[in-house]
Amino acid sequence: MPGSTIGGVAIIGGGFGGIAAAVKLLKAGIDDFVVFEQSPAPGGTWWDNRYPGCEVDIPSHAYSFSFAPRDWPRTHATQPELRDYAESVVEEFGLRPRFRFGVRVESVTWEEETGCYRVRTSDGAEEAYRFVISAVGLLNVPRYPAWPGMDTFEGVSFHTSRWDEEVDLTGKRVAVVGTGSTAVQIVPAIAPQVERLQVFQREPGWVEPKGERAFTPAERARFRRFPALRRLYRFKLFLQSGRRFKAYDLGGREQRRMRDLCLRYIATAIDDPAVRAAVTPSYPWGCKRPIFASSFYPTLNRPNVELVPQAIKEVTPKGVVDDLGVEHEADVLILSTGFQPTRFLSQFTVTGRDGTDIQDFWGDRPRAFLGVTVPGFPNFFILYGPNTNGGFSIIAQLERQAEVAVRAIRTVLRKRVQRVDTHPSALERHVRWVDRQLAKHASAMDAGCHNYYHSPSGANVTQWPRTHFVYYVLCRTQPRSALSYR
Ligand SMILES: Cc1cc2nc3c(=O)[nH]c(=O)nc-3n(C[C@H](O)[C@H](O)[C@H](O)COP(=O)(O)OP(=O)(O)OC[C@H]3O[C@@H](n4cnc5c(N)ncnc54)[C@H](O)[C@@H]3O)c2cc1C
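In this text the structure is predicted, and so the values were computed from the model without any measurement.

Draft legend 1. Representation of a positive patch on the surface in the model. Together, R429, R432, R436, K440 and R466 make up a region of like positive charge exposed at the surface. The partly exposed category is assigned to R466, whose relative accessible area is 30%.

In structure tokens, the structure reads:
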């Protein structure tokens, strides 16, 4: 764009990924950046998901930034606490003036002549930036089912990530569709309030008690007084997650241990033998995302709650029809049907060198070196990209990705070159390694469950196959030979 000013870094998305990128840039001494966020506030996942009972599944001292420790009141933070945390990190690092809230990025297009991306936004602006960091998340675009009759429903219907706060559920007949990580939080939270709650389950998940509790005042005081203790506790949580990780090995002892733990939990927490049978999965632990919930199973014992172990096949004006053809009337239909994680970067168009659209480059197999860079898309970085989901705390994974991006940007600036790009062979090697690791993983395509990890051709495109420590080491060591600067 001749004559126009060229910006430094455009960060797209103001969730924890965008915030991590912004702070890492500042810490590297790079302060020429902007964060585009379509919502009116930071937080991403924790801004969008406001359903009753929403909270994180993993311990908060691990699910927080290494550079922004917090005096967490509970082992697992609630959604309002996490939203507040996002706000407070934005304040602490003075990021607010860098945010452009309410602005959606529509496209980024590489321009060979200027060595910049043209960034087009929903407010009609077009600006040039030397670098782009995409932080638009993995679980950001809701998945709406295509059941026949959906638009004929006379009650109220909404997706869990678009919770309608105007709707009072008191005394209503409510149908929750889905029994994944979100539904198991909503069901116990709304059961005492509604007249009748039907929970539709297509396929059960392996559920383990979460063990959430408030920290005692003494524990909190110790963490405040001795920050090294808190760091040690965080480190211990990551170490323990390494043991859990072994359970993904199908033939291993840990796999059996996790199954037994979950089976014992079913036996002790659920009264009705028919419900116990219905919630018992027939596939290996770890095939689907493991579910952490301490109050879901006990809630199924309530007289006003019914588990319907059937998928939905149709919606009528009065309710839903299950796979067996039985109609269930409902006033409110809550779609706990998840997101569209395999459609990476569907939120905006990315055009790289020679006018290549990233979706054409990917076809049915979204792939990126370490999940972050893609050959032919210079100076472009993806956070929470292909095959990075897992590794315990996504915040930790996001920090590693932001570090890869910021180190590369700093190298471009230090070497006074125009661009950084990825050797195609480095990407192909990385993908082959990921595929080899995932072939032994409980989430493999043929392990026998429905999960959200696979693209239509069957490639697992979302999951990181090893622990966070392995990711950490690879992110520190591999970019040196995989990235080229000129
Ligand atoms: C209900 C739920 C529970 C979860 N629980 C856990 C958990 O227990 N542990 C865990 O590790 N992870 C969990 N996750 C995953 C969670 O998404 C990540 O931990 C993390 O919050 C992802 O941050 P992000 O910034 O990458 O993406 P997001 O939080 O999704 O943020 C992306 C941001 O990009 C913005 N955006 C998207 N497109 C555009 C555009 N074109 N222009 C401008 N802005 C755009 C969005 O508005 C959003 O604010 C959970 C996810 C969900 C949905």
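Now, onward.
Draft legend 2. Quick peek at the packing of aromatic side chains. Throughout the structure, instances matching the rule amount to 28 aromatic pairs. Between F245 and Y248 the ring centres are 5.8 Å apart and the planes differ by 45°, which places this aromatic pair in the tilted class. For the pair F245 and Y248, one class covers both residues: buried. By way of ring pairs, the aromatic residues F16, W46, Y63, F65, F67, W72, Y85 and F93 are connected into one cluster. One residue, R50, lies across the ring of W47, its end atom 4.3 Å from the ring centre.

Draft legend 3. The arrangement of the pairing of strand β2 (residues 33-37) in detail. With 5 of 5 residues buried, β2 lies mostly within the body of the structure. The sheet contact formed by strand β1 (residues 6-12) and β2 spans 4 bridges and is parallel. Residue pairing for β2: I11 is matched across the bridge by V35. Taken together, the 3 bridges between β2 and strand β3 (residues 99-101) define a ladder with parallel strand orientation. Bridging across to β3, E37 finds its partner in F101.

Draft legend 4. Main features of the site of the ligand. Inspection of the region around the ligand gives 35 residues, with G17, E37, T45, D57 and Y63 positioned closest. In this structure, Y63 approaches the ligand through a side-chain N or O atom, which is 2.6 Å from an oxygen atom. Protein chains shield 97% of the accessible area of the ligand, which is 990 Å² for the free molecule. Those elements that provide at least two residues to the shell around the ligand are α1 (16-27), β2, α2 (45-48) and α11 (394-415). When grouped by side-chain class, the residues that make up the shell around the ligand number 18 nonpolar, 13 polar and 4 charged.

Draft legend 5. Summary view of the nonpolar core. Membership of the largest hydrophobic core comes to 127 residues, with the highest contact counts inside it found for F16 and F380. A domain-level breakdown of this core finds at least three residues from each of domain 1 (7-141 + 340-485) and domain 2 (156-213 + 221-335). Those residues within four positions of F16 in sequence are excluded, and the remaining contacts are W46, Y63, F65, L82, Y85, A86, I395 and L398.

Draft legend 6. Looking closely at the sheet that holds strand β15 (residues 327-329). Taken in spatial order, the 3 strands make up an open sheet running β13-β14-β15, and their pairing is antiparallel. Since the sheet does not close on itself, it has two edges, and those belong to β13 (312-315) and β15, each with one partner. Averaged over all pairs of adjacent strands, the angle between their axes in this sheet comes to 30°, without regard to strand direction. Relative to β15, strand β14 (residues 319-322) runs antiparallel, the two sharing 3 bridges. Its bridge partner lying in β15, V321 is registered against E327.

Draft legend 7. Spotlight on a nonpolar patch on the surface. On the surface, F226, L229 and L232 cluster together into a nonpolar patch covering about 280 Å² of accessible area. Along the chain, F226 turns up in the loop between α5 (217-225) and α6 (227-246). By relative accessible area, which is 40% here, F226 ends up partly exposed.

Conventions used here
- Residues numbered from 1 in each chain as written.
- Predicted model: local features only at pLDDT ≥ 70, side-chain atom pairs only at ≥ 80, totals over all residues.
- Heavy atoms only, no water.
- Patch = residues over 30% accessible without salt bridge, like charges linked within 9 Å, V, L, I, M, F, W, Y side chains within 5 Å.
- Areas by Shrake-Rupley, 256 points an atom, 1.4 Å probe, with all protein chains shown as cover.
- Salt bridge = Lys/Arg side-chain N within 4 Å of Asp/Glu carboxyl O.
- Lys, Arg positive; Asp, Glu negative; His and termini not counted.
- Charge placed at Lys NZ, Arg CZ, Asp CG, Glu CD.
- Buried < 20%, exposed > 50% of the residue type's maximum accessible area, 1.4 Å probe, protein only.
- Phe/Tyr/Trp six-rings, centres within 6.5 Å; stacked < 30°, edge-to-face > 60°.
- Lys NZ or Arg CZ within 6 Å of the ring centre and 35° of its normal.
- Helix = DSSP H or I, 4+ residues; strand = E, 2+ residues; numbered from the N terminus.
- Pairing = 2+ DSSP bridges.
- Near = heavy atom within 4 Å.
- Polar contact = N/O pair within 3.5 Å; in protein donor to acceptor, adjacent residues only side chain to side chain.
- Nonpolar A, V, L, I, M, F, W, Y, C, P; charged D, E, K, R; others polar.
- Core = buried A, V, L, I, M, F, W, Y, C linked by side-chain atoms within 4.5 Å.
- Domains from an automatic or database assignment.
- Contact = heavy atoms within 4.5 Å.
- Axes fitted to C-alpha atoms, helices over the stretch in contact; angles between N-to-C directions.

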